[in-house]
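# Fold and geometry: a report
Given next are the chains, with one letter for each unit.
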Amino acid sequence: MDTTTISQMAHLGAGIAIGFGAVGAGLGIGFATKGLMDAVSRQPEVAGKAFGFFLLGAALSEACALYAFVIAFMLLGK
Amino acid sequence: MEHWVYTFYINGHAVSVNLDTIFTMWFAMGVVIAFAILATRNLSLIPNKIQALGESIMKFFYGTLDTMIEGKNREHVPLVASLFLFILTANLMGQLPLRIIHLKQGEIASPTNDINLTAAMAVIVLLYYVFMGIKAKGAKFFIHDFSFTGIVMALVEVLEMFTRPLSLAIRLFANIFAGEILVSIALGSMAYFLPLPIMLFEILVAFIQATVFMMLTIAYIGSAVKEEH
């Protein structure tokens, strides 16, 4: 393959990488929000404490999408 | 997004340093050191404003350490507190309008958008918790008992010594890097005040990422020094 084709394929790969990465992170944050809602509706007085843990968990699962983002950015440079 | 790379040679070996990262890192460190000096100067029983702020920050670290590490945990405060304060200052620096200062190459942004800095901090955390684990448990830190499960667990823990710093470094770096790209895209494509919510979100991300780095550090130290039953 010549350089142009490789570059096009790399751009396509970048799109695929960030897309599939975002699926997982979206699912993770969705589950985290579900857990927060469950906890708060059962025990409204723990809302503040639960929200801190929710932010922590959401940040941890969001990081997975950002790993994909780093890979996508590396592919864009090809 | 590119860095101001300066290359020099030691015995013919090329050594590259990112000058903009070094400059912003020393700036962030200077801010933290200045705050620490100001907060601990003229200590009194009835604290003035900045001392009260410093005391509430220390109370936050003590509370977090108490919930995650049992027993003697005050000895970990220096590392944990300086990591948190440095990362927080560094992340928030990216939201300052420092980019209007033009360098020869690169730009002045937060130092944590350089993976070398975050990797260095992750390696420091790795060395610290391995040292603390060896100090607390001796050789038992590496291998708990000579059985099949024990050896497999020891191998998994050796693997974790590589994956933990890797994930720590890439998580912080990617969050800040993606945030800066997001803000620059928003500034380029949206009119007037529309990028403002994204920039506010980036400030939230700065706090969360500093907290996540600190929490994971505490969790790793806690799992290293925990007594086995």
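Residues numbered from 1 in each chain as written. Chains lettered and ligands numbered in written order. Predicted model: local features only at pLDDT ≥ 70, side-chain atom pairs only at ≥ 80, totals over all residues.

## Thoughts on the overall build of chain B
To keep things clear, this is the line we draw: Going along the chain from the N terminus, every DSSP run of H or I of four or more residues is numbered as a helix, and every run of E of two or more is numbered as a strand. For every residue, the other C-beta atoms within 10 Å of its own C-beta are counted; 20 or more classify it as buried, 12 or fewer as exposed, and values in between as partly exposed. C-beta atoms are placed from the backbone.
Helix and strand counts for chain B stand at 6 helices and 2 strands. Starting at the N terminus, the α and β elements of chain B follow one another as β-β-α-α-α-α-α-α. On the principal axes, the C-alpha backbone points of chain B span a range of 65 × 55 × 40 Å. When each of the 229 residues of chain B is scored for burial, the buried share is 28%.

## A look at unusual backbone geometry
Residue and element names in this part refer to chain B. Of note, the phi angle at N11 is positive, near 50°, even though the residue is not glycine. Its location among the elements puts N11 in the loop between β1 (5-10) and β2 (13-18). Classification of N11 as exposed rests on a count of 4 C-beta atoms within 10 Å. Phi is positive for Y192, close to 45°, though the residue is something other than glycine. With respect to the element layout, Y192 can be found in the loop between α5 (148-189) and α6 (196-225).

## What to know about the environment of L75 of chain A
All names here are of chain A. Basically, it comes down to this: This entry defines residue contacts through backbone-placed C-beta atoms, with two residues in contact when those atoms are within 7 Å.
Mapped onto the elements, L75 comes out in helix α2 (residues 47-76). Measuring from C-alpha to C-alpha, the distance between L75 and D38 comes to 40 Å, with 37 residues separating the pair along the chain. Not counting the four nearest positions on each side in its chain, L75 is found in contact with A10, G13, A14 and A17.

## Quick look at the pairing of β1 of chain B
Residue and element names in this part refer to chain B. What counts is decided by this rule: Any two strands with at least two DSSP-identified bridges between them are counted as paired.
The element β1 is largely exposed, with a buried count of 0 among its 6 residues. Sheet topology note: the β1/β2 ladder contains 6 bridges and is antiparallel. The partner of Y9 across the bridge, within β2, is A14. What sits between β1 and β2 in their antiparallel hairpin is a turn of 2 residues, with N11 showing a positive phi close to 50°.

## Some details on the interface of chain A and chain B
Here is the rule: Note on residue categories: nonpolar means Ala, Val, Leu, Ile, Met, Phe, Trp, Tyr, Cys or Pro, charged means Asp, Glu, Lys or Arg, and polar means any other residue, Gly included.
Contacts between the two partners involve 9 residues from chain A, matched on the other side by 10 residues from chain B. Grouping the amino acids of the side of chain A that touches chain B by side-chain chemistry returns 9 nonpolar, no polar and no charged.

## Examining the nonpolar core
In plain terms, the rule: Here, a nonpolar core means buried Ala, Val, Leu, Ile, Met, Phe, Trp, Tyr and Cys residues linked by C-beta atoms lying within 7 Å of one another.
If you look at the biggest cluster of nonpolar residues, it comprises 48 residues, and the most contacted ones within it are F84, I87, L172, A210, F213 and I221 of chain B. Breaking this core down by element, the ones donating at least two residues are α1 (3-42) and α2 of chain A together with α1 (19-40), α2 (49-68), α3 (77-93), α4 (115-137), α5 and α6 of chain B. The element best represented in this core is α6 of chain B, accounting for 11 residues. With sequence-adjacent residues up to four places away left out, F213 of chain B is seen in contact with L83, I87, L168 and L172 of chain B.

## With respect to the packing of α1 of chain A against α2 of chain A
Residues and elements named next belong to chain A. The condition that has to hold: Here an axis means a line fitted to C-alpha atoms, over the contact stretch when the element is a helix, while the angle between two N-to-C directions is reported on a 0 to 180 degree scale. Between 65 and 115 degrees an angle is taken as roughly perpendicular, under 35 as roughly parallel, over 145 as roughly antiparallel, and anywhere else as oblique.
Orientation of α1 relative to α2, taken along the N-to-C sense of each, is 175°, at an axis distance of 8 Å. On the basis of the axis angle, α1 is roughly antiparallel to α2. By residue class, the composition of the contact of α1 with α2 is 26 nonpolar, 7 polar and 1 charged.

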